[in-house]
Structures are given as structure tokens and as C-alpha cells.
Amino acid sequence: MSDLPFSQPVNVRTLPRRGRVENFSADEQQCKAIAEDQDLIDVKSLSASATVKPWKKDGVMVEGTVRAELVQPCAVTGDPLTSDVNEEFNAVFAPEGSVLLKPKLDSEGEIILDAEGDDPPEPFTGDSIDLAEVWLEFLSLGIDPFARIPGAELNQEEIKTAETSPFA
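Computed from a prediction, not measured in an experiment: that's the story for all the values here.

Caption draft 1: Inspection of the pairing of strand β4 (residues 59-73) at higher detail. Of all the 15 residues making up β4, 11 are buried; the element is thus mostly covered by neighbouring parts of the structure. Where strand β3 (residues 42-55) lies against β4, 13 bridges are found, and the strand directions are antiparallel. Looking across to β4, one finds that alanine 48 is bridged to valine 66. As consecutive antiparallel partners, β3 and β4 are separated by three residues, and within that stretch lysine 56 has a phi angle of approximately 50°, a positive value. Note that β4 and strand β5 (residues 80-95) share 14 bridges and pair antiparallel. Considered in β5, the bridge of valine 60 is made with phenylalanine 93. Hairpin connection between β4 and β5: a loop of six residues separates the two successive antiparallel strands, and glycine 78 in this loop has a positive phi of roughly 85°.

Shown next as C-alpha cells:
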């Protein structure tokens with residue numbers, strides 16, 4: 001069982017050649033669980049859409065968008081700050097043991113890494129992938145970890161007068 005706030009499994013063995021569109025809109029209980037999972041004050045809304053289609057011989061490509069309106073603490077003051085996430089994504093998956101998961105090697109047997117190239121496929125087991133994992137991963141990437149209320153500043157006087165220590 002997964003520790004995710006919700007689940008949206010898709011059987012990849014029955015995908016049509018052109019793919020299938022999967023949509024999701026979180027209810028109030030799911031929004032609350034997502035807020036807790038992501039250490040947010042509140043998730044007012046979350047919706048996601050993905051096109052899931054076959055990729056190469058036995059892989060799966062997932063393309064879509066995650067949108068959310070959330071409330072998070074300001075990085076400076078800790079006060080609630082409302083922000084929007086609109087994250088487009090593209091991810092590929094391959095079943096465990098697939099040739100698609102083997103890294104490319106040069107003539108000397110060294111792994112070829114291309115920093116500008118596409119990410120390698122993620123492995124999956126069984127005959128399904130959980131879109132909730134994909135959507136929550138990209139939601140997490142779309143959240144600004146240093147979001148701040150416009151004009152919020154640290155009080156420099158408090159910082160200067162605070163007792164300093166080697167661990168400050």
C-alpha cells in the first residue's frame with residue numbers, strides 16, 4: 001500500500017495506441033491530505049490531467065499538467081501566503097527488466113550521461129502506474145520553497161542583537 005494522499009492507478013497493458021486521457025480533481029478530504037503531505041497550510045484546489053500512451057516497445061509516456069491553489073507559509077514571516085502552481089510535465093516509464101532501462105555505454109563500457117538530454121525512464125512493476133505519484137511529484141516541484149509575501153523583509157536589527165553562537 002502507498003502512503004500517498006490519493007491513488008489513480010492506470011493499467012498500462014490495455015492502453016490504446018493513441019493513449020488515454022486521465023483527469024483528476026481533488027475533493028476536500030484529499031486537499032487536506034495533500035496539504036499535510038506537502039507541509040502546506042492549505043490546498044484550496046488541485047486538478048490534474050495526463051495523457052498516458054505507449055512509448056517505444058514496452059514503455060509508457062505520461063504528459064500533462066498539474067494545477068493547484070495553495071496556502072503556504074511565507075519564508076520570511078511565516079504568515080499565510082496564497083500561491084498558484086501550474087506545472088506541465090512529461091515522464092516516461094519502463095517495466096522492470098526492460099531493455100529501455102539499461103544505460104547507454106560508450107566503447108569502453110562507461111555510462112554515457114547527457115546533462116541536456118532526456119531523463120531516463122523510471123521503472124515500474126506489474127501492469128500499472130499510479131498517476132498520483134507523478135502528479136504529486138510535479139506539484140512538489142512547482143511549489144516555491146522560498147515564497148514570500150511582497151515587501152516581507154527580515155528585521156536586521158533583531159538579527160544583529162540576537163545572541164550569536166557557533167551554531168547560529
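Caption draft 2: A look at the packing of aromatic side chains. Counted under the stated rule, the structure contains three aromatic pairs. Ring geometry for phenylalanine 24 versus tryptophan 135: centroids 5.8 Å apart, planes at 25°, classification stacked. Residue phenylalanine 24 is located in strand β2 (residues 20-25), and its partner tryptophan 135 is located in helix α2 (residues 131-142); the two are separated by 111 residues in the primary sequence. Take tryptophan 135: its relative accessible area is 1%, and that puts it in the buried class. On the basis of an interplanar angle of 20° and a centroid distance of 5.1 Å, the ring pair of phenylalanine 89 and phenylalanine 138 is categorised as stacked. Of the two residues, phenylalanine 89 is situated in strand β5 and phenylalanine 138 in helix α2; the sequence distance between them amounts to 49 residues. The pair formed by phenylalanine 89 and phenylalanine 138 is uniform in burial state, with each residue classed as buried.

About the criteria used
Residues numbered from 1 in each chain as written. Predicted model: local features only at pLDDT ≥ 70, side-chain atom pairs only at ≥ 80, totals over all residues. Heavy atoms only, no water. Buried < 20%, exposed > 50% of the residue type's maximum accessible area, 1.4 Å probe, protein only. Helix = DSSP H or I, 4+ residues; strand = E, 2+ residues; numbered from the N terminus. Pairing = 2+ DSSP bridges. Phe/Tyr/Trp six-rings, centres within 6.5 Å; stacked < 30°, edge-to-face > 60°.

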